[in-house]
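Tertiary structure, described
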Amino acid sequence: MTTSPPRRTRIVLADVTRHDTDHTRAELAEQTQVGEALVRGLVRAQLALALRLALVVAIGLGGLPLLFAVAPQVSGAELFGVGLPWLLLGLAAFPFLAGVGWAYARLAERNEQDFVAVVRRPER
Amino acid sequence: MGNPYVVPAIVAVTLITVAIGSYGLKLARTTSDFLVASRVVSPTWNAAAIGGEYLSAASFLGVAGLILKYGVEMLWYPVGFAAGYLALLLFVAAPLRRSGAFTLPDFCEVRLGSRRLRKLATAFVVFIGWLYLVPQLQGAGLTLSTVAGQPYALGALLVGGVVTANVALGGMRAITFVQAFQYWLKLTALAVPAIFLILHWQADGRPEITPPQGPVFRAATTVVVERPATLTLGDGSQVTVERDDRLSFVAGDPVPKVSTVDATFGAADWLLPGGDHGADRGLFATYSLILATFLGTMGLPHVLVRFYTNPDGNAARRTTLVVLCLVGLFYLLPTLYGALGRVYTPQLLMTGRTDAVV
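Residues numbered from 1 in each chain as written. Chains lettered and ligands numbered in written order. Predicted model: local features only at pLDDT ≥ 70, side-chain atom pairs only at ≥ 80, totals over all residues. Heavy atoms only, no water.

Details of the overall build of chain A
Note the cut-off: Only DSSP runs of H or I reaching four residues or more are called helices, and only runs of E reaching two or more are called strands; each is numbered from the N terminus. Three exposure classes are used, based on accessible area relative to the maximum for each residue type with a 1.4 Å probe and protein chains only: buried under 20%, partly exposed in between, and exposed over 50%. By definition in these notes, contact holds between two residues if any of their heavy atoms fall within 4.5 Å. Each accessible area is a Shrake-Rupley result for a 1.4 Å probe, and residues are judged covered by the shown protein chains and nothing else.
The number of helices and strands found in chain A is 5 helices and 2 strands. Each helix and strand of chain A, ordered N terminal to C terminal, gives the series α-α-α-α-β-β-α. Looking at chain A as a whole, 32% of its 124 residues qualify as buried. The long-range share in chain A, meaning contacts at least 24 apart out of those at least 6 apart in sequence, stands at 72%. For chain A, the accessible area works out to roughly 8,100 Å², and carbon and sulfur atoms hold 61% of it.

Laid out in structure tokens, this is it:
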């Protein structure tokens, strides 16, 4: 077998800025102490954001069965002639999840932009 | 069923699928092309493709059928699935793409450095793929036999053949186009009749979805018994029926409960969560259902693999967000079908084969 498996290229951040990112990439590629710490900080920040939003969903949506169980008058409530559980689960849940998702995408992207801004500062 | 449009429609969709697939054939040149579409798929295409492949027969036929049978508790299935996509977005999409790996077992090996883990992951992927195939083929066979009266096996073989050909010839590129097309096709195919159904329901004077005495036949229906069972009629009396017995119901007759079929008949149970039906419902069952659907969606290898076709991590994230929206949009429909099915096809509650409601 003479062909080697296709090379995997590990990307840290691509396309975050349109400007010249050679310096940034070189900085990260050098794996300096500071660089490493910054990357780890970014990863931790993203994880914290994700966990916080996951908690919002866990309480907002995951709490519903509990709510229905302990408060039957909520289950029986009606809006526009349709039962509240139907509206919440069959209709409102999806925009709620999409909204949380959209919030995450925006905030995560901003985290990454902040990170790149910090890394590029030494060049100025 | 004598609908003259059915067979031509099936033929047309099959031909379009094959045509789109062979267009992709031109684009499959390197391993990168074949496995990950050269990583150039844009978020919208990718999202439509994931949506198309994920929103399979189980999603719409199955969920609609479950809602018809059991009511509001079944809504946790679509919500769980959608939440799984959110979990993917929050925790998996970007890091997975950035690892640079080509497939899921590849990723396991890169991250955790173990060849054996790679093999284990591969075994799991194959197993999950197999588990997934079976209900898809069941859906294909069921659809073809319900709608066109063709033998069940033909549906399964036809679908299997077309998909295998598409994948073998075109790889990821072809498949992406095909699946994106199918998402929009499915959405339209379900949305348009749903609109007509609602209008019909309005015109009908909005018959109650849950009349107090339980589901009621809309039109005169004759039921032919295939298996002996005990029926509990509307007034509480019980009747035992044998094979080939014919039962006639007029409009307005309540649907009898069949001893061999498990379904929810009481209006309160169907409408409200936590009713006293079935063997072990209750909070524990609901929470384990939620956990299962959302963790399961998060782990689907054929969805995860799509993230590799994005140009970068950010695109992977955006793709997942769009998928979340498309999936959410789609799931409004089976719910509608399930609920209206309670009014218009209550006879399915007698056979238990409620997947046929759509």
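A word on the overall build of chain B
Per the secondary structure count, chain B includes 13 helices and 5 strands. The buried share among the 358 residues of chain B stands at 48%. The contacts in chain B between residues at least 6 apart in sequence include a share of 79% that link residues at least 24 apart. When the accessible area of chain B is evaluated, it comes to approximately 16,700 Å², of which 67% is carbon and sulfur surface.

As for the pattern of salt bridges
Residues and elements named next belong to chain B. To be explicit about the condition: We define a salt bridge as a side-chain nitrogen of Lys or Arg found within 4 Å of a carboxyl oxygen belonging to Asp or Glu.
In total, this model carries 5 salt bridges over all chains according to the counting rule given. Of the charged contacts in the structure, one is a salt bridge between Arg118 and Asp106, with a shortest N-O distance of 3.1 Å. You can see Arg118 sitting in helix H7 (residues 115–148) and its partner Asp106 sitting in helix H6 (residues 104–112), a full 12 residues away along the chain. What emerges from the salt-bridge pattern is a single network uniting Asp106, Glu109, Arg115 and Arg118.

Let's talk about helix H3 (residues 43–54) of chain B
All names here are of chain B. The condition is simple: Take the residue count of a helix, subtract one, and multiply by 1.5 Å to get its expected span.
Taking 1.5 Å as the rise per residue, H3 with 12 residues should run 16 Å; its terminal C-alpha atoms sit 16 Å apart, in good agreement. In terms of burial, H3 is largely enclosed, as 10 of its 12 residues are buried. When H3 is considered as a whole, its buried residues turn out to be Pro43, Asn46, Ala47, Ala48, Ala49, Ile50, Gly51, Gly52, Glu53 and Tyr54.

Some thoughts on the interface of chain B and chain A
Cut-off, in case you're wondering: Here the quantity called buried area is the accessible surface, traced with a 1.4 Å probe, that two parts lose on coming together, added over both. Distance and chemistry together define a polar contact, namely a pair of N or O atoms within 3.5 Å, with one atom able to donate a hydrogen and the other to accept it when in protein, and with adjacent residues in sequence counting only for side-chain atoms on both sides.
Each side of the interface is counted separately: chain B has 43 residues, and chain A has 44 residues. Across the interface of chain B and chain A, roughly 3,400 Å² is buried in total on both sides, 73% from carbon and sulfur atoms. Across the contact surface, chain B and chain A share 1 salt bridge. Here Glu112(A) makes a salt bridge to Arg317(B), at a shortest N to O gap of 2.6 Å. Where chain B packs against chain A, one counts 4 residue pairs in polar contact (both at pLDDT 80 or more). Sorting the residues of the side of chain B that touches chain A by element identifies helix H5 (76–98), H6, helix H9 (267–271), helix H10 (283–299) and helix H12 (313–344) of chain B as the ones contributing at least two each.

Some thoughts on the nonpolar core
Inclusion rule: Nine residue types can take part in a nonpolar core, namely buried Ala, Val, Leu, Ile, Met, Phe, Trp, Tyr and Cys, and a core is a set of them joined through side-chain atoms within 4.5 Å.
Counting 67 residues, the largest nonpolar core has Leu61(A), Tyr104(A), Tyr54(B), Trp76(B), Tyr85(B), Leu86(B) and Tyr331(B) as the members making the most contacts within it. In terms of residues, this core owes the most to one element, H5(B), which gives 13 residues. Those residues in contact with Tyr331(B), other than ones at most four positions away along the chain, are Phe94(A), Tyr54(B), Leu55(B), Ser59(B), Val63(B), Pro78(B) and Phe81(B). Counting residues in each nonpolar core, the second largest holds 7 residues, with Phe217(B), Leu247(B), Phe249(B) and Val255(B) among its members.

Section: the packing of H6(B) against H7(B)
Residues and elements named next belong to chain B. Rules: Comment: axis = line fitted to C-alpha atoms, over the contacting stretch for helices; angle = value between 0 and 180 degrees taken between N-to-C directions. Relative orientations are named as follows: roughly parallel for angles under 35 degrees, roughly antiparallel for angles over 145 degrees, roughly perpendicular for angles from 65 to 115 degrees, and oblique for any other angle. Helix crossings are classified by the rotation of the near helix relative to the far one: an anticlockwise turn of less than a right angle makes the crossing left-handed, while a clockwise turn makes it right-handed. Under this grouping Gly is polar, as are all residues other than the nonpolar Ala, Val, Leu, Ile, Met, Phe, Trp, Tyr, Cys and Pro and the charged Asp, Glu, Lys and Arg.
For the pair H6 and H7, interaxial distance at closest approach is 8 Å and the crossing angle is 155 degrees. One way to sum up the angle between H6 and H7 is to call them roughly antiparallel. Handedness of the crossing formed by H6 with H7: right-handed. Here H6 contributes Pro105, Asp106, Cys108, Glu109 and Leu112 to the contact with H7, which in turn contributes Arg115, Leu117, Arg118, Ala121, Thr122 and Val125. Across the contact of H6 with H7, the residue classes tally to 6 nonpolar, 1 polar and 4 charged.

So, the confidence of the model for chain A
Residue and element names in this part refer to chain A. What counts, and what does not: Predictor confidence is given residue by residue as pLDDT, running from a minimum of 0 to a maximum of 100.
This prediction gives chain A a mean pLDDT of 76; 71% of its residues lie at or above 70. Considering each helix and strand of chain A separately, the mean pLDDT is smallest for helix H1 (residues 22–29), with a value of 58, and largest for helix H2 (residues 33–60), with 87. Confidence drops under a pLDDT of 50 for residues 15–19, and excluding neighbours within four residues, the segment shows 6 contacts in the predicted structure.

What about the packing of aromatic side chains?
Put simply, the rule is: Here a pair means two rings of Phe, Tyr or Trp (six-membered ring of Trp) with centres within 6.5 Å. Their orientation is stacked below 30 degrees between planes, edge-to-face above 60, and tilted elsewhere.
Taken as a whole, this structure holds 4 aromatic pairs over all chains when the rule is applied. With a centroid separation of 6.3 Å and an interplanar angle of 20 degrees, the aromatic rings of Phe94(A) and Tyr331(B) are classed as stacked. You can see Phe94(A) sitting in helix H5 (residues 84–120) and its partner Tyr331(B) sitting in helix H12, one on each of two chains. Overall, the relative accessible area of 6% leaves Phe94(A) in the buried class. On the basis of an interplanar angle of 80 degrees and a centroid distance of 6.2 Å, the ring pair of Phe330(B) and Tyr331(B) is categorised as edge-to-face. Across this residue pair, the class does not change: Phe330(B) and Tyr331(B) are buried.

Considerations on a nonpolar patch on the surface
Applied cut-off: Surface patches are defined over residues having more than 30% relative accessible area and no salt bridge, joining like charges when they lie within 9 Å and nonpolar side chains (Val, Leu, Ile, Met, Phe, Trp, Tyr) when within 5 Å.
Taken together, Leu66(A), Leu67(A), Val70(A) and Leu283(B) make up a surface patch of nonpolar side chains, about 330 Å² in accessible area. Owing to a relative accessible area of 63%, Val70(A) belongs among the exposed residues under this scheme.

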